[in-house]
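Spelled out, the chains give:
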Amino acid sequence: METIRRFEVTEDGAGVRMDKYLSGLVPEFSRSYLQRLIQEERVRVDGRPVRGKEKAVPGTVIELDVPEAVEPRIEPEDLPLKILYEDKDVILVNKPKGMVVHPAAGHTSGTLVNALLFHCKGELSGINGVLRPGIVHRIDRDTTGVLIACKNDRAHNCLAEQLKEHTVTRRYRALVCGNIKEDEGTVDAPIGRHPTDRKKMAVVRSGGREAVTHYRVLERFGNYTYIECRLETGRTHQIRVHMAGMGHPLLGDQVYGRVKAPFRLEGQTLHAMILGFMHPSSGEYMEFEAPLPEYFAALLETLQR
């Protein structure tokens, strides 16, 4: 089913290109997607299709015809998995660098979900829909380490409740830029969408969600600090945003850190080392550890010389 959205152009829209003006009204859509809708004549002004690079005129009415989203079929793929533990309820894997956790628009293969569908023969919880079967929590594409997936809805609900109650143990290792003076500390700062860049997150004064990160210094290397971070909450990009907010962005972070990072890194130096939880069937506390990836261990050796 298609959705028609209507907007009256206000004075601040005078002379603004239509795709740019619309991107401010519907920030959930990218500029390229809006441009495609214009090309398909799904954007009309006062009843007629918008022309090319037409600019907004105050007082006119824009109609945005949004087609129904069609979820792609996600195929199982025989991809290598580093399995840390598996039983009838859960599977824990050590996710490698560069692997996306679940499919998204324009990226429907090569993900951890594709690999899990093959390995688990489709036996994954369905609570998060066809794009994220079994996925209870996520880590970024360039973050490595422990991630848990659930094979049934009962286990999924149990783990989701533990995450909500902040009883899941999540300890990360990270290398940050600069010398953190304190040996340990806590960042308690709400996180929400960046006010001007919708692809980024940021510490915000209002409208954000509670975000708490505890950190302690493991080793100092002059211009860099090796730390452990314990998550109390699990917001998108939480450690990356909090550390950048302290003035100590993660080494290699191309979004929140320095544009040019030394050591030829591919993304941030962040590793989900330890994950602990109460097993959904036995009620027993279980904890799993993923060793540092080779690139991270080698980098530490270089800095220690």
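Residues numbered from 1 in each chain as written. Predicted model: local features only at pLDDT ≥ 70, side-chain atom pairs only at ≥ 80, totals over all residues. Heavy atoms only, no water.

Chemist: Which residues make up the overall build of the protein, and what values do they have?
Modeler: From N to C terminus, the protein includes 6 helices and 15 strands. Seen along its three principal axes, the alpha-carbon backbone of the protein occupies a region of about 65 × 50 × 35 Å. For the protein, buried positions account for 46% of its 305 residues. Taking the intrachain contacts of the protein between residues at least 6 apart in sequence as the baseline, contacts between residues at least 24 apart amount to 64%. (Helix = DSSP H or I, 4+ residues; strand = E, 2+ residues; numbered from the N terminus. Buried < 20%, exposed > 50% of the residue type's maximum accessible area, 1.4 Å probe, protein only. Contact = heavy atoms within 4.5 Å.)

Chemist: Can you lay out the pattern of salt bridges for me, pointing to particular residues and giving the numbers?
Modeler: Counting across every chain of the model gives 19 salt bridges. Arg141 is the salt-bridge partner of Asp142, the closest N and O atoms lying 3.9 Å from each other. Between Glu228 and Arg173 there is a salt bridge, with its nearest N and O atoms 3.7 Å apart. Placement of Glu228 in strand 13 (residues 224-231) and of Arg173 in strand 8 (residues 169-177) is noted, with a sequence separation of 55 residues between them. The residues Glu228 and Arg173 share a single accessibility class, namely buried. (Salt bridge = Lys/Arg side-chain N within 4 Å of Asp/Glu carboxyl O.)

Chemist: Outline unusual backbone geometry, listing residues and values.
Modeler: Look at Glu41: it is not a glycine, yet its phi comes out positive at around 60°. Secondary-structure assignment places Glu41 in the loop between helix 2 (31-39) and strand 2 (43-45). Take Glu41: its relative accessible area is 49%, and that puts it in the partly exposed class. Even without being a glycine, Phe263 presents a positive backbone phi close to 70°. Topologically, Phe263 is positioned in the loop between helix 5 (238-245) and strand 14 (270-278). By relative accessible area, Phe263 is classed as partly exposed at 35%.

Chemist: So, the environment of Ala298: which residues are in play, and what are the values?
Modeler: Looking at the secondary structure, you find Ala298 in helix 6 (residues 294-304). Between the C-alpha atoms of Ala298 and Pro49, which are 249 residues apart in sequence, the distance is 57 Å.

Chemist: Give me the sheet that holds strand 4 (residues 61-66): which residues, what numbers.
Modeler: Within the open sheet, the 4 strands sit side by side as 1-4-2-3. Their pairing is antiparallel. Bordering the open sheet on either side are strand 1 (3-8) and strand 3 (48-49), each of which pairs with just one other strand. On top of the sheet, helix 1 (residues 18-25) reaches strand 1, strand 2 and strand 4; it is set at about 75° to strand 4, its chief contact. Where helix 2 meets the sheet, it contacts strand 2 and strand 4, and its direction lies at approximately 100° from that of strand 4. (Pairing = 2+ DSSP bridges. Axes fitted to C-alpha atoms, helices over the stretch in contact; angles between N-to-C directions.)

Chemist: I'd like to hear about the packing of aromatic side chains, residue by residue, with values.
Modeler: One pass over the full model with this rule turns up 6 aromatic pairs. With centroids separated by 6.1 Å and ring planes inclined at 25°, the aromatic side chains of Phe277 and Phe288 adopt a geometry described as stacked. In this pair, Phe277 is assigned in strand 14 and Phe288 in strand 15 (residues 285-289), connecting sequence segments 11 residues apart. Summarising the burial analysis for this pair, Phe277 and Phe288 share the class buried. An aromatic cluster of three or more residues is present, and its members are Tyr85, Phe277 and Phe288. (Phe/Tyr/Trp six-rings, centres within 6.5 Å; stacked < 30°, edge-to-face > 60°.)

Chemist: Tell me about the packing of helix 1 against helix 2, and name the residues and values.
Modeler: Interhelical geometry of helix 1 versus helix 2 gives an angle of 125° and a closest axis separation of 9 Å. It follows from the interaxial angle that helix 1 and helix 2 lie oblique. Here helix 1 runs over helix 2; the crossing is right-handed. Residue-level contacts link Met18, Asp19, Lys20, Leu22 and Ser23 of helix 1 to Arg31, Leu34, Gln35 and Ile38 of helix 2. Of the residues belonging to the contact of helix 1 with helix 2, the class tally is 4 nonpolar, 2 polar and 3 charged. (Parallel < 35°, antiparallel > 145°, perpendicular 65-115°, else oblique. Left-handed = near helix turned anticlockwise from the far one by under 90°. Nonpolar A, V, L, I, M, F, W, Y, C, P; charged D, E, K, R; others polar.)

Chemist: How would you explain helix 6 if you had to name every residue and give the values?
Modeler: Residues of helix 6 that are buried include every one of Phe296, Leu299, Leu300 and Leu303, and no others. Around the axis of helix 6, the buried residues are gathered within 100° of arc, so they sit on the same side. The elements touched by buried residues of helix 6 are strand 8, strand 13 and strand 14. (Arc of directions from axis to C-beta.)

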